[in-house]
Amino acid sequence: MHPMLTIAIRAARQAGNFIAKSYEKPDSIEIMAKGQNDFVTNIDKKAEQIIIEIIQKSYPTHTIITEESGQIVGEKDDIQWVIDPLDGTTNFTKRLPHFSVSIAVRINGRTEVAAIYNPMLNELFTAVRGQGAQLNSRRIRVNNTKELEGAIIATGFPFKAQQHSTTYINIITKLFKKSADFRQTGSAALNLAYVAAGRIDTSFGIGLKPWNFMAGELLVREAGGLVTDFVGGLNYITSGNLLVGNPHIVKKMLQKILRELSDPLKS
């Protein structure tokens with residue numbers, strides 16, 4: 001096993017176990033607003049600290065980029081750990097048991113290691129570049145759905161980028177006429193993991209942050225899928241506008257999405 005994956009798994013499991021125990025003690029959860037429709041809890045912050053301490057114990061010179069603490073610059077800025085300690089905070093605060101810990105390791109600008117852990121189901125999704133993707137140590141692959149008819153599409157409402165709401169609804173309306181159903185799960189990281197595992201056919205999101213999708217991006221690629229922006233390019237790392245699935249379904253999705261895009265979403 002890749003040594004950094006070993007540490008990522010240890011950190012994800014320990015943070016996830018802490019989150020799961022905290023879920024059973026709702027009175028201990030303190031909710032704070034970071035902005036409009038954007039919340040954080042004391043549990044997010046503690047889980048993040050657990051992850052940071054485990055990483056720094058083994059790799060004290062590496063840079064760490066986190067949702068809550070920002071960037072902790074190390075001597076080796078070419079190696080970056082990108083962390084979302086609790087992807088699905090709103091679900092967590094509302095007692096919906098669907099959230100995850102997401103950890104990615106990027107080396108020289110490429111994601112090399114990924115771990116996404118769902119503590120409520122004890123499901124660990126992992127990937128190492130060039131070595132495939134796994135769920136609890138079993139190989140996973142994207143499914144081979146070739147048409148939108150019958151496809152399950154996962155997405156998330158752009159509540160942090162409401163300037164795109166009209167375009168988003170237009171896209172949903174266009175896709176609704178073709179697909180079988182939608183899933184709005186509340187965890188972008190798990191959406192990508194589920195595409196990699198073949199549970200969901202395709203997923204797209206607007207304005208996602210790197211910690212939301214870095215680990216899931218590698219999972220999808222290593223499971224045989226494609227990751228693009230809304231015009232079929234690779235600008236999603238900057239824009240956060242992300243589309244994933246097998247090559248056939250991504251092509252079909254792009255054909256529908258492109259016609260509805262506003263100019264800001266084409267870049």
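Look up: the structure comes first, before these words.
Quick caveat: nothing in here was measured; it's all calculated off a predicted structure. (Residues numbered from 1 in each chain as written. Predicted model: local features only at pLDDT ≥ 70, side-chain atom pairs only at ≥ 80, totals over all residues. Heavy atoms only, no water.)

With respect to the nonpolar core
Nonpolar side chains in soluble globular proteins generally cluster together in the buried interior.
Then, in step 1: Counting residues in hydrophobic clusters, the biggest one holds 34 residues, and the most contacted among them are Met4, Ile19, Ile51, Trp81, Phe92, Val101 and Ile103.
Then, in step 2: Elements represented by at least two residues in this core include exactly α1 (3-23), α2 (42-58), β5 (76-87), β6 (100-107), β7 (110-118) and β8 (123-128).
Then, in step 3: When residues of this core are assigned to their parent elements, the largest contribution, 10 residues, is made by α1.
Then, in step 4: Dropping the residues within four chain positions of it, Phe92 is found in contact with Ile19, Ser22, Tyr23, Ile29, Thr41, Ile43, Leu86 and Phe99.
Then, in step 5: Ranked by size, the runner-up nonpolar core spans 32 residues in total, among them Ile116, Phe125, Tyr194 and Val195. (Core = buried A, V, L, I, M, F, W, Y, C linked by side-chain atoms within 4.5 Å. Buried < 20%, exposed > 50% of the residue type's maximum accessible area, 1.4 Å probe, protein only. Helix = DSSP H or I, 4+ residues; strand = E, 2+ residues; numbered from the N terminus. Contact = heavy atoms within 4.5 Å.)

Overview of the packing of aromatic side chains
Then, in step 1: This model, assessed by the stated rule, comprises 9 aromatic pairs.
Then, in step 2: Judged by centre distance (6.4 Å) and plane angle (70 degrees), the ring pair of Phe204 and Phe230 falls under edge-to-face. Linking Phe204 in strand β13 (residues 202-205) with Phe230 in the loop between β14 (226-228) and α7 (236-239), this pair joins segments that are 26 residues apart in sequence. The exposure classification of Phe204 matches that of Phe230, with both residues buried.
Then, in step 3: With 6.0 Å between their ring centres and 70 degrees between their planes, Phe213 and Tyr236 make a pair best called edge-to-face. Of this pair, Phe213 sits in helix α6 (residues 210-222) while Tyr236 is found in helix α7, placing the two residues 23 residues apart along the sequence. Of the two residues, Phe213 and Tyr236, neither departs from the other in class, the shared state being buried.
Then, in step 4: Through successive ring pairs, a cluster of aromatic residues spans Phe157, Tyr168, Phe204 and Phe230.
Then, in step 5: Over the ring of Tyr23 we find Arg95, and its NZ or CZ is 4.1 Å from the ring centre. (Phe/Tyr/Trp six-rings, centres within 6.5 Å; stacked < 30°, edge-to-face > 60°. Lys NZ or Arg CZ within 6 Å of the ring centre and 35° of its normal.)

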